[in-house]
Each structure stands twice: as structure tokens, then as C-alpha cells.
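Secondary and tertiary structure notes
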Amino acid sequence: MQTNELTSYLSDGIFRLITSVLKESAADGAEKRFLVRQIRVQKHRSQRRKRHERAGLHVPAFLIASITERCNLHCKGCYARSCGFCSDTPEKTPLSADDWKRIFSEADALGISFVLLAGGEPLLNREVISAAAKEKNLIFPVFTNGTQFDTGMTELFIKSRNLFPVFSIEGGSASTDARRGEGVFAKASSAAETFRQNGVLFGAAVTVSKENIREVTSDVFFEGLSRAGTAAVFLIEYTASGESDRALEPDADDRRFMAERLASARKRFRSLWFLSFPGDEELMGGCLAAGRGFFHINPFGAAEPCPFAPLSDRNLKDCSLKEAIESPLFSRLSAAELTRIPHDGGCALAGRTDEIREMTNDSR
């Protein structure tokens, strides 16, 4: 799939997502008004990206922003901690709230549609969450462990429908607490229930490993998510943080099984919108990293191909978002077609660190 075709495909997908959620969800009046407005807003976003495409600039529809290096949990096998951009004692200076405000403003101007907020635990950076709430043309899925919703933060999400909470779970209570800590599932569920009662749409992000793949692709699990009021389900393949947990990564048989289960679930659970990563990327001609569909900004400003390829030749502390999109590293990755090479699952760039590092050094 060529970049101009991908631009149209992703833009069409955004419209399908919004109209599907609008049709199937139990959102309240405020949420429905927000979604109706977004149909118009995203049409303009799509047109702006296509104009950039014709001018020779490929603007991705999505951006992943890890807005803090801090997290209140120490989840087993946490990739963010293993690669160093999540830490209790960071050695680098993170981006300031003003830096993030500028990045969001530039994302709006360029026509980006979704900025996925991650971390660390993004709710620990409340100033940036509040800044995101003010960018009404952007939609911010906020990937959170769900333990930091006090009254003020909850009210901000209820008031600001462009903030879309996505709760990270590993399945049910036992599976989630085994990885994330005792009581985490209950706190996330309580926050989700508050949002359901207030008509706020929310999602669930599930890291799929060999340990939980049967549980998190079961009808029982999907039925529970549906009853809880979940609108979107992100199924993300486990990426090992080292050799010690390599055996947890799904293999080819696991991926075939998950694809079959999702094909069935998409027909049966119409109130749930499913996204499988990287499984669904096959429909888009390969991995969407390195600016093809998204790229990652880590807490310290580095513009990286994706969170699982933490190498960079541009930093948002001293360059614009447009300059980051035009990263020579991203261009080299695109020219080498590393994101389109068939792979065994998980991140397409995993295991290619040496190649990417060489490209990074060549592009400086």
C-alpha cells in the first residue's frame, strides 16, 4: 500500500470508527454531540493531510506521546521500564508542559487526528492532561492503569470528551493483579463504572501473552467488557523486555488463533470496536511505525519510530513536529522498507536494533 493510499485508508478508517461507535454505543447526549462534531472535524483533518501528501509531506494520522517517565506501578515485564523511558530516577530532563502544549498545537495545525497519551502513567502529568483537554480538534486516547482517577481528574474527563480513557488490563481481576499489583483491577473497574454511569466512552488495552491469550479472547471476557460499557478493545501482542520473558511472546499458532477469535468477536459483539496490534497492520501493508501511520515521542522529547524501537535522530526540545516527521531516520527506514518486511509477529522492528542504530548514526 503506497503512502497516498494509506493516508486515504486511515482517514476512511477514522470515519468508520466514529460512525460505528456513534451507532452502537450507549453514550450520553454530550458524547454523541462530540462524535457528531468529530465527523465534521475529521473530514477537515483528512483533507489537510491529503494536501500535505500532494505537497510531498506525509503527515501520519496518529501520534504516540509518552508524556511522563513516572509510574506508580511496577508491572512485571514492563517494556517502558526495561528500555529506560519509564523510571523512578530519570537521568534525563523530560519535556515541560509548555513543550507538550506546543507539540499538541502543531499536531492540530498539521492535521493529525489522534494523539495517544501514554507513559509511565499519563495521569501523573496532570498539567499536560489538562492542556490536551483544551485541544478540541484532537482526540486523546489516554492509556492508563486506572488507579489515579480522583474527583478532579474524573470530572475533567467527563467534561472533556476528547479525552478517551483506555484502561490497561491483562484479563480479569486475577490476571491483572498478578502482573500489575493487588487491587489494580478493582480501582480500574471502579473508574470505568463511574464513566459508564456518566455516559463517557472508554476502552480497554490488553497485552496478549501466552499466559492470558485464551482468557482475553474468550466470549466470557468480551461479554464482560461489553456489559461494563467498554467501547473499544486494543489487543496488543506482548513484547519481551529481555530473554527472561521471551517465552511469553505469542507465536505463529497463537496469532492465528487470535485472528480467528477476533473475526468471530467482531461479528458477535457489535458494541465493541476491536484493534489488534500488529495483526491488523497486515491490512495496511505492514508496520505503521516511523511516521508511516504514527511515531512515538518519548518523555524526553526523542522522536522514535515506535515505543519498541527507541532510537532517534530528532528531539522535540529543539525541533518542530514537522521537522520530526521529516526525520532522516524515518526516511531511511521507509526507503529500506524495514517496516514492510515479513516478520514473526510483535514489533516489526524488534531484533533490528543494529540496523536502525546504523541508520540513526548515518542520519545525524
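Residues numbered from 1 in each chain as written. Predicted model: local features only at pLDDT ≥ 70, side-chain atom pairs only at ≥ 80, totals over all residues. Heavy atoms only, no water.

Observations concerning the overall build of the protein
Secondary structure assignment for the protein yields 14 helices and nine strands. Looking at the 364 residues of the protein, the share that counts as buried comes to 54%. Within the protein, contacts between residues at least 6 apart in sequence are counted, and of these 72% link residues at least 24 apart. (Helix = DSSP H or I, 4+ residues; strand = E, 2+ residues; numbered from the N terminus. Buried < 20%, exposed > 50% of the residue type's maximum accessible area, 1.4 Å probe, protein only. Contact = heavy atoms within 4.5 Å.)

Quick notes on the packing of helix H5 (residues 126-133) against helix H6 (residues 151-159)
Relative orientation of the contacting elements H5 and H6 amounts to 20°, with a least axis distance of 10 Å. As the angle between them shows, H5 and H6 are arranged roughly parallel. Where H5 crosses over H6, the handedness of that crossing is left-handed. In contact with Arg126, Ile129, Ser130 and Ala133 of H5, H6 contributes Met153, Leu156 and Phe157. Here the residues of the contact of H5 with H6 sort into five nonpolar, one polar and one charged. (Axes fitted to C-alpha atoms, helices over the stretch in contact; angles between N-to-C directions. Parallel < 35°, antiparallel > 145°, perpendicular 65-115°, else oblique. Left-handed = near helix turned anticlockwise from the far one by under 90°. Nonpolar A, V, L, I, M, F, W, Y, C, P; charged D, E, K, R; others polar.)

What about unusual backbone geometry?
Excluding glycine, a negative phi dihedral is what most residues carry, and trans is how most peptide bonds are arranged. Here the residue pair glycine 119 and glycine 120 is connected by a cis peptide bond, since its omega of 15° sits within 30 degrees of zero. Within the secondary structure, glycine 120 is located in the loop between strand S2 (114-118) and H5. For alanine 290, which is not glycine, the phi dihedral falls at a positive 60°. For alanine 290, the position within the fold is in the loop between strand S7 (273-277) and strand S8 (296-297). Exposure remark for alanine 290: the relative accessible area of 12% places this residue in the buried category.

Brief notes about the packing of aromatic side chains
For any pair of aromatic rings, the description rests on two quantities: the centre-to-centre distance and the angle between the ring planes. What the rule picks out here adds up to 16 aromatic pairs. Note on phenylalanine 149 and phenylalanine 157: the rings are 5.2 Å apart at their centroids and 80° apart in plane angle, and the pair reads as edge-to-face. As far as burial versus exposure is concerned, phenylalanine 149 and phenylalanine 157 are alike and both buried. Here the aromatic cluster, defined as three or more aromatic residues joined through ring pairs, consists of Phe149, Phe157, Phe167, Phe195 and Phe202. Positioned above the aromatic ring of phenylalanine 257, the side-chain terminus of arginine 214 is 3.9 Å from the ring centre. (Phe/Tyr/Trp six-rings, centres within 6.5 Å; stacked < 30°, edge-to-face > 60°. Lys NZ or Arg CZ within 6 Å of the ring centre and 35° of its normal.)

What about the pairing of strand S6 (residues 232-237)?
Among the six residues of S6, five are classified as buried, and the element is accordingly described as predominantly covered. Bridging between strand S5 (residues 203-208) and S6 involves six bridges; their strand directions are parallel. Paired with glycine 203 across the strands is alanine 232, a residue of S6. Examined bridge by bridge, S6 and S7 share five bridges and lie parallel to one another. Bridge assignment links leucine 235 to a residue of S7, and that residue is serine 276. As for the winding sense of the linkage, the β-α-β connection from S6 through helix H11 (residues 252-268) to S7 is right-handed. (Pairing = 2+ DSSP bridges. Right-handed = clockwise from strand over helix to strand, strands pointing away.)

Concerning the pattern of salt bridges
Applying the stated criterion across every chain yields a total of 19 salt bridges. Close ionic contact of arginine 126 with aspartate 150 constitutes a salt bridge, the shortest N to O distance being 2.7 Å. Here arginine 126, found in helix H5, pairs with aspartate 150, found in the loop between strand S3 (140-144) and H6; they are 24 residues apart in sequence, far enough to count as distant. Overall, the relative accessible area of 33% leaves arginine 126 in the partly exposed class. On the basis of relative accessible area, aspartate 150 is assigned to the partly exposed category, the value being 36%. Residues arginine 268 and aspartate 219 are paired through a salt bridge, measuring 2.2 Å at the closest nitrogen-oxygen approach. Here the residue arginine 268 occupies a position in helix H11, and aspartate 219 occupies one in helix H10 (residues 219-228), the gap between them amounting to 49 residues. Relative accessible area serves as the criterion here: at 23%, aspartate 219 is assigned to the partly exposed category. (Salt bridge = Lys/Arg side-chain N within 4 Å of Asp/Glu carboxyl O.)

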